[in-house]
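# Residue-level structure breakdown
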Amino acid sequence: MFDASGASATGQPHDYRQTSFWLATSTDDLTPRAPLRGTLTVDVAILGGGFSGLWTAYYLLRDNPSIEVAILEKEICGFGASGRNGGWCSTRFPVTTNALIRRFGASRARETILAVHEAVEEVGRVVALEEIDAHYRKTGVLSVARGAAQLPAIHAEYRTYEQLGLGAQNRLLDAAEAYERIRATNLSGAMLTSGGATLQPANLVRGLARAVERCGGVIFEGSEVTRIEPGEQPSLSTASGTLRARKAIVAAGEAYLAHLPQFHRTVLPLTSMIVLTEPLTHAQWQEIGWQGGEGLSSQAKTTNYLTRTLDGRILYGSRGAPYLFGSRISDPALRNDAIYEAMRTKVRGWFPILQDVRFTHAWGGYLGMPRDWMPTVSFDRSSKMGRLQGYTGRGVSTTNLAGRLLAGLITQSSSGLEGLPLHRPRMPLWEVEPMRWAAVRYVQNAFARIDEAEEAGERRPWDAPLANYLASA
Ligand SMILES: Cc1cc2nc3c(=O)[nH]c(=O)nc-3n(C[C@H](O)[C@H](O)[C@H](O)COP(=O)(O)OP(=O)(O)OC[C@H]3O[C@@H](n4cnc5c(N)ncnc54)[C@H](O)[C@@H]3O)c2cc1C
């Protein structure tokens with residue numbers, strides 16, 4: 001059984017291969033790079049060696065070969081959500097399509113969705129160009145309705161895509177057609193979306209770090225930023241050094257930024273957890289179908305999604321442990337056996353033929369949830385402060401979009417993405433405690449009750465509209 005946090009409980013140096021199956025099987029050497037010591041001045045200084053920081057660095061360096069870029073990562077590149085996620089490089093944006101239309105109008109909603117589709121393609125192009133062994137496969141996405149109660153949501157989503165002239169990328173399947181593709185229990189219909197991909201995220205994030213270095217970027221690991229100093233001469237400070245920047249400093253620490261005063265209320269650090277089976281046998285796959293290996297998800301409020309890995313395992317992910325007071329990030333909170341066991345039971349519920357399957361890995365991570373579900377990319381020219389943050393559980397493709405946009409804003413060169421709604425100067429803040437804790441815990445609990453009722457074919461709890469209202473942007 002894996003230590004789901006990747007943290008050392010013994011005070012020994014971290015064994016980063018314990019963090020997730022993806023890091024465990026990564027083809028890269030995970031020995032930490034040297035930390036920052038002393039003072040260094042570069043053009044752009046970046047906090048965070050996940051997808052956000054690395055995509056920003058990659059595009060800055062690719063398009064401006066003489067620029068000097070350095071990254072400070074507190075652990076190793078890929079330690080955060082980027083090395084732990086479900087491996088969906090999805091065409092779905094964090095804000096639902098309906099909410100995009102309501103908030104920004106049909107035209108900007110369409111533009112945003114097309115930009116995410118393009119980001120999935122762009123990730124594939126870079127993977128090929130930089131020869132990253134990321135297992136990138138264009139599988140598409142299959143959103144299934146499990147039980148009649150989930151069907152209206154799929155039909156409504158399909159109609160929304162049609163309204164935006166994006167019907168051709170989506171196809172509705174009835175229960176029999178859905179079952180033909182994947183022999184899971186309780187299917188009442190599905191929507192198949194073309195364009196999405198699945199990948200090995202740790203290989204992508206580690207490969208991207210190597211690509212950044214090949215382009216001339218410098219990466220310091222084991223270098224936790226304890227102070228962010230925006231201004232005319234901005235800097236990022238660690239316990240053993242200071243990185244000064246001529247053009248920009250960038251905050252790309254996603255959920256972990258909640259621990260820095262400037263960002264404490266911008267996103268909520270929420271856990272997301274994953275269990276993984278052993279590789280299934282040929283006979284088991286014959287029984288299950290799912291030959292397309294599409295990213296698979298239901299409409300459950302607590303989110304559940306499944307990925308078929310390249311070596312024939314099933315990965316099952318869902319939201320995880322309860323939110324902790326004060327937006328605390330706690331590695332022990334990810335070692336919650338009761339939650340992992342409940343998730344294994346769910347997998348057996350989807351596929352009863354897997355009653356005796358062995359689960360080999362279980363891990364979790366922290367994602368960043370903005371108050372209005374909208375990611376934010378900004379660059380303030382006067383303070384030279386850039387940020388990209390708040391992807392919820394949909395950051396694998398969106399970080400590429402955000403990194404390209406931010407690189408263009410810093411160098412004042414158009415990426416063509418400036419008109420997207422995620423380009424905005426600030427994000428709405430979360431409520432102060434204890435309101436934040438009370439509301440978030442209530443919604444987490446209510447969502448679990450809604451899912452249980454729907455799965456059992458019972459009426460939704462009386463307070464479902466209230467929970468939905470509180471969770472909506
Ligand atoms: C379990 C899980 C499953 C997910 N599944 C999917 C999925 O299937 N598809 C999808 O699209 N999205 C998914 N997501 C979300 C997605 O992984 C993230 O949105 C994305 O990886 C965010 O990248 P990032 O670089 O912004 O953040 P991170 O990957 O979290 O990187 C932030 C980095 O900053 C470093 N850092 C933080 N603070 C400091 C500091 N003070 N000093 C120095 N370094 C610091 C951290 O160590 C970390 O490496 C999932 C997330 C989780 C947790």
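Summary of the structure given here.

What counts, and where the lines are drawn
- Residues numbered from 1 in each chain as written.
- Predicted model: local features only at pLDDT ≥ 70, side-chain atom pairs only at ≥ 80, totals over all residues.
- Heavy atoms only, no water.
- Pairing = 2+ DSSP bridges.
- Helix = DSSP H or I, 4+ residues; strand = E, 2+ residues; numbered from the N terminus.
- Axes fitted to C-alpha atoms, helices over the stretch in contact; angles between N-to-C directions.
- Near = heavy atom within 4 Å.
- Polar contact = N/O pair within 3.5 Å; in protein donor to acceptor, adjacent residues only side chain to side chain.
- Areas by Shrake-Rupley, 256 points an atom, 1.4 Å probe, with all protein chains shown as cover.
- Nonpolar A, V, L, I, M, F, W, Y, C, P; charged D, E, K, R; others polar.
- Expected span 1.5 Å × (residues − 1).
- Buried < 20%, exposed > 50% of the residue type's maximum accessible area, 1.4 Å probe, protein only.
- Contact = heavy atoms within 4.5 Å.
- Core = buried A, V, L, I, M, F, W, Y, C linked by side-chain atoms within 4.5 Å.
- Salt bridge = Lys/Arg side-chain N within 4 Å of Asp/Glu carboxyl O.

## Quick word on the sheet that holds strand β14 (residues 304-308)
- One open sheet accounts for eight strands, arranged β5-β6-β4-β13-β14-β15-β12-β16; its pairing is mixed. Each edge of the open sheet is held by one strand with a lone partner, namely β5 (170-174) and β16 (359-370). The sheet shows a mean angle of 20 degrees between the axes of neighbouring strands, taken without regard to direction.
- Sheet topology places strand β4 (residues 141-146) next to strand β13 (residues 295-297); three bridges connect them, and they run parallel. By the bridge assignment for β13, Leu142 is matched with Leu296.

## Considerations on the site of the ligand
- Contacts to the ligand come from 37 residues, most closely from Ser52, Glu73, Ser82, Val225 and Val396.
- Between an oxygen atom of the ligand and a main-chain N or O atom of Phe51, the distance comes to 3.0 Å.
- Protein contacts shield 98% of the accessible area of the ligand, which totals 1,000 Å² for the unbound molecule.
- Within the residue set of the shell around the ligand, elements represented by two or more residues are α2 (51-63), β12 (267-277) and β16.
- Within the shell around the ligand, the residues separate by chemical class into 14 nonpolar, 17 polar and six charged.

## A word on helix α7 (residues 201-214)
- In this model α7 runs 20 Å from its N-terminal to its C-terminal C-alpha over 14 residues, within 8% of the 20 Å that 1.5 Å per residue would give.
- Burial within α7 is extensive, with 11 of its 14 residues counted as buried.
- Taken residue by residue, α7 has Pro201, Ala202, Asn203, Leu204, Val205, Arg206, Gly207, Leu208, Ala209, Ala211 and Val212 as its buried positions.
- Those residues of α7 that are buried lie in contact with α1 (21-24), α2, α4 (106-129) and β8 (218-220).
- Here α7 starts with a cap whose side-chain oxygen sits 2.9 Å from the backbone nitrogen of Ala202, and that cap is Gln200.
- With its phi angle positive at about 110 degrees, Gly216 sits one or two positions after the end of α7.

## Notes on the environment of Arg146
- Structurally, Arg146 can be placed in strand β4.
- Exposure remark for Arg146: the relative accessible area of 12% places this residue in the buried category.
- Between the C-alpha atoms of Arg146 and Pro370, which are 224 residues apart in sequence, the distance is 28 Å.
- Reaching out from Arg146, the side chain makes a polar contact with the side chain of Thr185 at a distance of 2.6 Å.

## Observations concerning the environment of Val432
- For Val432, the location among the structural elements is in the loop between α10 (398-411) and α11 (435-455).
- Distance in space between the C-alpha atoms of Val432 and Thr411 is 36 Å, their sequence separation being 21 residues.

## Remarks on the nonpolar core
- Core analysis: the largest hydrophobic core is formed by 66 residues, its most contacted members being Val44 and Leu54.
- If you tally residues by element for this core, the top one is α4, at nine residues.
- Setting aside residues no more than four positions away along its own chain, Val44 makes contact with Leu60, Ile67, Glu68, Val69, Ala70, Lys247, Ala248, Val250 and Ile410.
- Grouped together as the second largest cluster of nonpolar side chains are 30 residues, Ala184, Ile314, Ala321 and Met343 included.

## A closer look at the pattern of salt bridges
- With the rule as written, the count across this model stands at 28 salt bridges.
- Arg62 serves as the salt-bridge partner of Asp63, at 2.8 Å between the closest nitrogen and oxygen.
- For Arg62, a relative accessible area of 42% gives the class partly exposed.
- Of the charged contacts in the structure, one is a salt bridge between Arg210 and Glu213, with a shortest N-O distance of 4.0 Å. Placement of both Arg210 and Glu213 in helix α7 is noted, with a separation of three residues, approximately one turn of the helix.
- A residue is classified by how much of its surface remains accessible, and Arg210, at 31% relative accessible area, is partly exposed.

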